[in-house]
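Chain by chain, the residues run as shown.
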Amino acid sequence: MSVFSAFVLLAPVAISNQYYREVLFLCHYYVILACSWDLLSGYTGNISFGHAFFIGGAGYTGALLNLYLGWGPWVTLPMGGLVAALSGLLVGSFTLRLRGPYFAAVTFCFACMLYKWTMIGWKVFGGEEGLSGIDGIMKTTLGNYFFSAILMLVVIFFLYFLSRSSFGLILRSIGENETVSQGSGINTTFYKIVAFVLSGFIAGVAGVMYGHVQMHVGPEMAHDSLSVLALIMAVVGGMGSIIGPVIGGYLLTIINESLRFMGEFRLLIYSIAVIAVVFFAPKGLLDIIMRAFHHVMGQKR
Amino acid sequence: MELFLEIKKLNKAFSGIRAVLDFDLSVNKGDLIGIIGPNGAGKTTLFNMITSFIRADSGEILFKGENITYLKPFQIVNRGISRTFQLVDLFKEMTVLETIMIPCFSKRVRNYKHREEKPRIIAMKVLEEMGMSHRYHELIKNLAFGELRLVDVARAMITEPDILLLDEPFSGLDIEGAGVLSKVIQQMHQKGETMVIIEHRLRDLMKLVGRVVVINFGQKIAEGAPDEIIKNEKVITAYLGKGKE
């Protein structure tokens, strides 16, 4: 973790190209989204398709607070996160008794509702064009890089230590067998809702950050494809591990940007790449990496 | 004799099919009761209703005088009733120690276990009592079936319940495994644990318990000492067949 942090913070020394720094900013953003999704779904086993509800909801909240009330990013970031956390409480409460495809469907519907609201309420939300003219966070690309990098590292460290705490252990038990977890005296409802709130807050802060850095928020931030992207990144990297989504976030963002020259074939190749990774590493790339590491170290898993 | 658990006229039906019918049972402190009956008699359904994994259609379950019929499962555990499961399906990708630590985070354990005792230490102590401490690092999915049963019992015991419900604990065990578990149950009972055990392996059960309740088609058809039950005509007809085991 320390090595990774050093790498992230020192990378701009070696990477002076503005475009590459922007790509790395996107990596940080998507890593935060994937990690926040993993906290909720990777550990509990309830696969959410509604992450865009938190991201877009907070993004628009931050934008509106900035444009209409003049609040700066240092206020809109926590406020957007708070709105997303409350959204998490709302969604969590509605989906408590649901499992599997029913849980997935309801979370999906929440994101769809938000997307439609941005269209229906175009006078407020700007419709398909979204909202522009939002204040930036930092004045330079390098500044934005460091801001997003530090936020990403804070999130990763927080989630890493959370996952190794009693909270993380309990979430894992819920994902493994909620019945036995309840039968062990655990109020699984409480822990699932806390996971929703935390996951929502983190995703919301990322959404506000993205809006301020891009100085624009649009309906694509509430689109279900963003939910699916967070999911895919966590799955490709390795669910239920925090480190896995970091791998998935970086890898898939870089692959996506690298394929820009392919034009309309970009999405096709990207999809094939994802399928190939999942086929050869069904438990995620982290599993492959750990197996290789243990093999080299001569240890049995 | 302190009355711990009182079940009054408990009923449950699934899609019109009666699973438990007007069931009554009293469990006193220190009792070691066996519940037997043919497959589908309603034994596990009864446990599921006591522990609130299934809602009773009607009737009451009183624990130390408190009506617990419609509490949530984790609340039942925190009141002092813990159980094992018929199908032992624990936390496959977690280690034995991690599995036993989960109940340590329950309100019951956090309240009565002094705060300076860390869950890890509490869990290791229980594993030592069960003779499983040497396997603390093993993943649940790698355990032998008998070891799984012991871990499930340890998981249920760690909350120091007032009543321990064991659902077919001997199922799938070989003679050696059954002997180990039998010894553990006897030791727990000698320490004053109140237990209710569902079991099909009558030879193992009858040696342990002081009272047997027989269920058939969701109804209690007999209750008494093991040697009385073995001779009971209704029991022989409904469950044991024409001969006795």
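Calculation rules
Every chain begins its residue count from 1, and numbering advances along the sequence as written. The order in which chains are written sets their letters, starting at A; the order in which ligands are written sets their numbers, starting at 1. Confidence filtering applies because this is a predicted model: local features only for residues at pLDDT of at least 70, side-chain atom pairs given and counted only at 80 or more, and all residues used for totals across whole chains, interfaces and linings. Secondary structure is summarised from DSSP: a helix means a run of H or I of at least four residues, a strand means a run of E of at least two, and numbering begins at the N terminus for each. All radius of gyration figures rest on C-alpha atoms, and the globule criterion is 2.2 Å times the number of residues raised to 0.38. Placing a C-beta atom from the backbone of each residue, one calls two residues in contact when those atoms lie within 7 Å. Strands qualify as paired when DSSP identifies two bridges or more between them. Lines are fitted to the C-alpha atoms to define the axes, a helix being fitted only along its stretch in contact, and any angle between axes, read from their N-to-C directions, falls within 0 to 180 degrees. Put simply, Ala, Val, Leu, Ile, Met, Phe, Trp, Tyr, Cys and Pro go in the nonpolar bin, Asp, Glu, Lys and Arg in the charged bin, and everything else, Gly too, in the polar bin. To count as a nonpolar core, a set of buried Ala, Val, Leu, Ile, Met, Phe, Trp, Tyr and Cys residues must be joined through C-beta atoms within 7 Å. To sort residues by burial, count the other C-beta atoms lying within 10 Å of each one's C-beta; a count of 20 or more means buried, 12 or fewer means exposed, and anything in between means partly exposed. C-beta atoms are built from the backbone. In this scheme, a crossing is called left-handed if the near helix is turned counterclockwise away from the far one by less than a right angle; it is called right-handed if the turn is clockwise. Multiplying 1.5 Å by the residue count of a helix minus one yields the expected span of that helix. How sure the predictor is of each residue is captured by pLDDT, a score from 0 to 100.

1. Notes on the overall build of chain A
Inference 1: Secondary structure summary: chain A contains 13 helices and 2 strands in total.
Inference 2: Here the C-alpha radius of gyration of chain A, 19 Å, is about what a compact globule of 301 residues would show, namely 19 Å.
Inference 3: Overall size of chain A, expressed as C-alpha extent along the three principal axes, is 55 × 45 × 35 Å.
Inference 4: Looking at chain A alone, contacts between residues at least 24 apart form 77% of all its contacts between residues at least 6 apart.

2. Considerations on the overall build of chain B
Inference 1: Secondary structure assignment for chain B yields 10 helices and 10 strands.
Inference 2: What you see for chain B is a C-alpha radius of gyration of 18 Å, in line with the 18 Å of a compact globule of 245 residues.
Inference 3: Overall, chain B is about 50 × 40 × 40 Å in size when its C-alpha atoms are taken along their principal axes.

3. Observations concerning the sheet that holds strand β7 (residues 163-167) of chain B
Backbone hydrogen bonds hold the strands of a sheet together, and the pairing may be parallel or antiparallel.
All names here are of chain B.
Inference 1: Judged by pairing direction, the sheet is mixed, and its 6 strands sit side by side in the order β6-β7-β8-β3-β9-β10 without closing on themselves. The open sheet has two free edges, formed respectively by β6 (81-83) and β10 (219-224), since each of these has just one partner strand. Across the sheet, the mean angle from the axis of one strand to that of its neighbour is 20 degrees, orientation sign disregarded.

4. Some points on the interface of chain A and chain B
Inference 1: The interface is formed by 16 residues belonging to chain A together with 24 residues belonging to chain B.
Inference 2: The residue makeup of the side of chain A that touches chain B, split by class, is 4 nonpolar, 10 polar and 2 charged.

5. Quick look at the nonpolar core
Inference 1: The biggest cluster of nonpolar side chains holds 153 residues, and the ones touching the most others in it are Ile-32, Leu-33, Cys-35 and Ala-206 of chain A together with Ala-154 of chain B.
Inference 2: Setting aside chain neighbours within four positions, we find Ile-32 of chain A in contact with Leu-151, Met-152, Val-155, Ile-202 and Ala-206 of chain A.

6. Quick look at the packing of helix α4 (residues 73-95) of chain A against helix α5 (residues 100-120) of chain A
Residue and element names in this part refer to chain A.
Inference 1: One way to put it is that α4 packs onto α5 with a least axis distance of 10 Å and a crossing angle of 145 degrees. For the pair α4 and α5, the sense of crossing is right-handed. Contacts from Val-91, Phe-94 and Thr-95 in α4 reach Phe-103, Val-106, Thr-107 and Phe-110 in α5.
Inference 2: A breakdown of the residues in the contact of α4 with α5 according to their chemical character gives 5 nonpolar, 2 polar and no charged.

7. Observations regarding the pairing of strand β2 (residues 17-28) of chain B
Residues and elements named next belong to chain B.
Inference 1: Sheet topology places strand β1 (residues 3-14) next to β2; 8 bridges connect them, and they run antiparallel. Its bridge partner lying in β2, Leu-10 is registered against Phe-23.
Inference 2: Hairpin connection between β1 and β2: a loop of 2 residues separates the two successive antiparallel strands, and Ser-15 in this loop has a positive phi of roughly 50 degrees.

8. Quick word on the pairing of β1 of chain B
Inference 1: Alignment of β1 of chain B against strand β4 (residues 58-63) of chain B, held across 5 bridges, turns out to be antiparallel. Across the sheet, residue Ile-7 of chain B finds its bridge partner in β4 of chain B, namely Ile-61 of chain B.

9. Some points on the sheet that holds strand β5 (residues 66-67) of chain B
Residues and elements named next belong to chain B.
Inference 1: In spatial order, the strands read β2-β1-β4-β5; together these 4 strands make up an open sheet with antiparallel pairing. Since the sheet does not close on itself, it has two edges, and those belong to β2 and β5, each with one partner.
Inference 2: Against the sheet, helix α1 (residues 43-50) makes contact with β1, β2 and β4, and its axis sits at roughly 65 degrees relative to β2, the strand it touches most.

10. Here's the deal with unusual backbone geometry
Residues and elements named next belong to chain B.
Inference 1: One non-glycine residue with positive phi stands out, namely Lys-9, at about 45 degrees.
Inference 2: Note that Lys-9 resides in strand β1.
Inference 3: The phi dihedral of Glu-160 falls on the positive side, at around 45 degrees, and the residue is not glycine.
Inference 4: Take Glu-160: it is sitting in the loop between α6 (145-157) and β7.
Inference 5: For Glu-160, a count of 16 C-beta atoms within 10 Å puts it in the partly exposed group.

11. Looking at the environment of Arg-266 of chain A
Residues and elements named next belong to chain A.
Inference 1: If you trace the backbone, Arg-266 turns up in helix α12 (residues 266-280).
Inference 2: C-alpha of Arg-266 to C-alpha of Ile-255: the two residues are 11 residues apart in sequence and 9.6 Å apart in space.
Inference 3: Those residues within four positions of Arg-266 in sequence are excluded, and the remaining contacts are Leu-259 and Arg-260.

12. Thoughts on helix α3 (residues 51-69) of chain A
Inference 1: Here α3 of chain A is 19 residues long and its end C-alpha atoms lie 27 Å apart, about the 27 Å a rise of 1.5 Å per residue gives.
Inference 2: Looking one or two places after α3 of chain A, you find Gly-70 of chain A, whose phi comes out positive at around 75 degrees.

13. A look at the environment of Gly-240 of chain A
All names here are of chain A.
Inference 1: Structurally, Gly-240 can be placed in the loop between α10 (224-237) and α11 (243-258).
Inference 2: In this structure, the C-alpha to C-alpha distance between Gly-240 and Tyr-43, residues 197 residues apart in sequence, is 4.8 Å.
Inference 3: Not counting residues within four places of it along the chain, the set of residues in contact with Gly-240 comprises Asp-38, Gly-42, Tyr-43 and Gly-175.

14. Focus on the confidence of the model for chain B
Inference 1: Confidence in the prediction of chain B, expressed as mean pLDDT, is 89, and 96% of residues score 70 or more.
Inference 2: Across the predicted assembly, pTM comes out at 0.89 and ipTM at 0.90.

15. Let's talk about the packing of α3 of chain A against α4 of chain A
All names here are of chain A.
Inference 1: Contact geometry of α3 with α4 gives a least axis separation of 8 Å together with a crossing angle of 140 degrees. You can see that α3 and α4 cross each other, and the crossing is right-handed. Residues Phe-53, Phe-54, Gly-57, Ala-58, Gly-59, Thr-61, Gly-62, Leu-65 and Asn-66 of α3 form the contact with α4, whose participating residues are Thr-76, Leu-77, Met-79, Gly-80, Gly-81, Val-83, Ala-84, Ser-87, Gly-88 and Val-91.
Inference 2: By residue class, the composition of the contact of α3 with α4 is 9 nonpolar, 10 polar and no charged.

16. A look at the environment of Ala-34 of chain A
Residue and element names in this part refer to chain A.
Inference 1: Within the secondary structure, Ala-34 is located in helix α2 (residues 18-44).
Inference 2: For Ala-34, a count of 33 C-beta atoms within 10 Å gives the class buried.
Inference 3: Distance from Ala-34 to His-51, taken between C-alpha atoms, is 9.5 Å for residues 17 residues apart in sequence.
Inference 4: Among residues more than four places away in sequence, those in contact with Ala-34 are Ala-230, Met-233, Ala-234, Gly-237, Pro-245, Gly-248 and Gly-249.

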